[in-house]
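# Architecture at a glance
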Amino acid sequence: MDSLIRTAREGRVFIVTLDRPRANAINIAMSEQLAEAFTTFRDDDDLSVAIVTGAGDKFFCGGWDMNEAASGVKDNEEHGTGGFAGLQVLLDCNKPLIAALNGLTVGGGWEISLACDLVLATPNTRFWFPEVQRGFIADAGGVQRLPRMLPRRIAMEILLTGRWFEVAEAERWGMINAIVESDELMPRAMELAKQIAKGAPLSVQATKEVVRATETMSDRDALTGLNGLALPLHQKMLASSDFLEGPKAFTEGRAPVWTGR
């Protein structure tokens, strides 16, 4: 099978690049390769944070491959672990993901971005959910996540009309962390990733785990119920040697040495 993605490692940072000219559109083969990449990232203790970006300078990702769709393939067919694009339902990955959007971010491409924790975009980035104009609906990552990140009426306008969502709007609504020039995109993403990777691995993962577990709870329930949730990474962090290493390193005036245990 031809490789439709590229992966690389830089220290504790894992980089996934969609590389399927001309639009980096996602078919089942690409989903399966992305699933393998993201599960590798999830399961490798030597990796702390991932960056996902696209090859080329026009498309981050054109979404679901319409040629495959037109052949009769259903968008809910088996796409490997993690569902569509290998990430939509990879709910047990508590390591941070950074989307570095280098251009048009369409359909399933936008769903990848919505599944990430931090997002950088270039000035030529634009977002689009065209699904209702194609005879289906945005995948769960779109119809469920978008209304939670935007005011419901804005999200419904985007999902129902299929209008383009401009990068300046995304910045205004807090959908992205920053707009950066194209030649600064990956350096800025790496800067963020390396800063995250300096943290204690269990603390980084427990932070995401707790945020995800409590984000739909009321403040009262979240504040009073955390210990009762018995979140495995949170409990592992509290019992870890790194939990003591951080304060010890601070009092000794040195950099901490994390073990992830």
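In what follows, the structure referred to is the one given above.
Residues numbered from 1 in each chain as written. Predicted model: local features only at pLDDT ≥ 70, side-chain atom pairs only at ≥ 80, totals over all residues. Heavy atoms only, no water.

### Digging into the layout of surface pockets
In this model, the largest pocket occupies a volume close to 990 Å³. Lining the largest pocket are 37 residues, and of these Leu114, Ala115, Arg145, Met149 and Glu215 lie nearest its centre. Those elements that place two or more of their residues in the lining of the largest pocket are helix 3 (108–115), strand 7 (118–121), helix 4 (140–143), helix 5 (146–149) and helix 9 (201–214). Looking at the lining of the largest pocket element by element, the count peaks at five residues for helix 9. When its residues are assigned to classes, the lining of the largest pocket shows 22 nonpolar, nine polar and six charged. Its boundaries defined by the atoms lining it, the second largest pocket holds a volume of some 420 Å³. A breakdown of the residues in the lining of the second largest pocket according to their chemical character gives 14 nonpolar, four polar and seven charged. (1 Å grid on protein atoms, 1.4 Å probe; cavity = no way out; pocket = protein on both sides within 12 Å on 5 of 7 lines; lining within 4 Å. Points joined across faces, edges and corners; volume = space filled by probe spheres on them. Helix = DSSP H or I, 4+ residues; strand = E, 2+ residues; numbered from the N terminus. Nonpolar A, V, L, I, M, F, W, Y, C, P; charged D, E, K, R; others polar.)

### Comments concerning the nonpolar core
In terms of nonpolar packing, the biggest core is built from 45 residues, with Leu18, Val52, Trp110 and Leu146 touching the most fellow members. The element that contributes the greatest number of residues to this core is helix 1 (residues 28–43), accounting for five residues. Once you skip the residues sitting within four places of it in the chain, valine 52 turns out to touch Val16, Leu18, Phe38, Phe60, Ile98, Ala99, Ala100, Ile112 and Cys116. (Core = buried A, V, L, I, M, F, W, Y, C linked by side-chain atoms within 4.5 Å. Buried < 20%, exposed > 50% of the residue type's maximum accessible area, 1.4 Å probe, protein only. Contact = heavy atoms within 4.5 Å.)

### Some points on the pairing of strand 2 (residues 13–18)
Within strand 2, six of the six residues are buried, leaving the element largely enclosed by the surrounding structure. Alternating residues of strand 2 divide into Val13, Ile15 and Thr17 and Phe14, Val16 and Leu18, and every residue in both groups is buried. Across six bridges, the pairing between strand 1 (residues 5–10) and strand 2 is antiparallel. Directly across from arginine 9, in strand 2, lies its bridge partner phenylalanine 14. Hairpin geometry of strand 1 and strand 2 is characterised by an intervening segment of two residues between the two adjacent antiparallel strands and by a positive phi of about 65° at glycine 11. Once you follow strand 2 into helix 1 and on to strand 3 (residues 49–54), the crossover reads as right-handed. (Pairing = 2+ DSSP bridges. Right-handed = clockwise from strand over helix to strand, strands pointing away.)

### A few points about helix 3
Along helix 3, eight of the eight residues are buried, which leaves the element largely enclosed by surrounding structure. Those residues of helix 3 lying buried are Gly108, Gly109, Trp110, Glu111, Ile112, Ser113, Leu114 and Ala115.

### Remarks on the side chain of threonine 125
Relative to the elements of secondary structure, threonine 125 occurs in the loop between strand 7 and strand 8 (126–128). A polar contact is formed between the side chain of threonine 125 and the backbone oxygen of leucine 101, at a distance of 3.1 Å. Setting aside residues no more than four positions away along its own chain, threonine 125 makes contact with Leu101, Asn102, Gly103, Thr105 and Val167. (Polar contact = N/O pair within 3.5 Å; in protein donor to acceptor, adjacent residues only side chain to side chain.)

### Examining unusual backbone geometry
The bulk of non-glycine residues show a negative phi, and the bulk of peptide bonds are trans. In this model, proline 21 is joined to arginine 22 through a cis peptide bond whose omega is 10°. Phi angles above zero are rare outside glycine, and asparagine 24 is one such case at about 55°. You can see asparagine 24 is positioned in the loop between strand 2 and helix 1.

### A short note on a nonpolar patch on the surface
There is a patch of nonpolar side chains on the surface, built from Leu238, Phe243 and Leu244 and spanning about 300 Å² of accessible area. Tracing the chain through its elements places leucine 244 in helix 12 (residues 242–251). (Patch = residues over 30% accessible without salt bridge, like charges linked within 9 Å, V, L, I, M, F, W, Y side chains within 5 Å. Areas by Shrake-Rupley, 256 points an atom, 1.4 Å probe, with all protein chains shown as cover. Salt bridge = Lys/Arg side-chain N within 4 Å of Asp/Glu carboxyl O.)

### Section: the pattern of salt bridges
Should their charged atoms come close, side chains of opposite charge can pair. Enumeration according to the criterion identifies 11 salt bridges in this entry. As a salt-bridge pair, arginine 6 and aspartate 19 come within 3.0 Å of each other at their nearest N and O atoms. Taken together, the positions of arginine 6 in strand 1 and aspartate 19 in the loop between strand 2 and helix 1 put the pair 13 residues apart, joining distant regions of the chain.

### Re the sheet that holds strand 6 (residues 104–106)
What the four strands build is an open sheet, ordered 4-6-8-9; its pairing is mixed. Of all the strands in the sheet, just strand 4 (59–61) and strand 9 (165–166) have a single pairing partner and so form its edges. Taken together, the two bridges between strand 8 and strand 9 define a ladder with antiparallel strand orientation. Paired with arginine 126 across the two strands is glutamate 166, which belongs to strand 9. Its contacts with the sheet place helix 3 against strand 4, strand 6, strand 8 and strand 9, and it is angled at close to 95° to strand 6. (Axes fitted to C-alpha atoms, helices over the stretch in contact; angles between N-to-C directions.)

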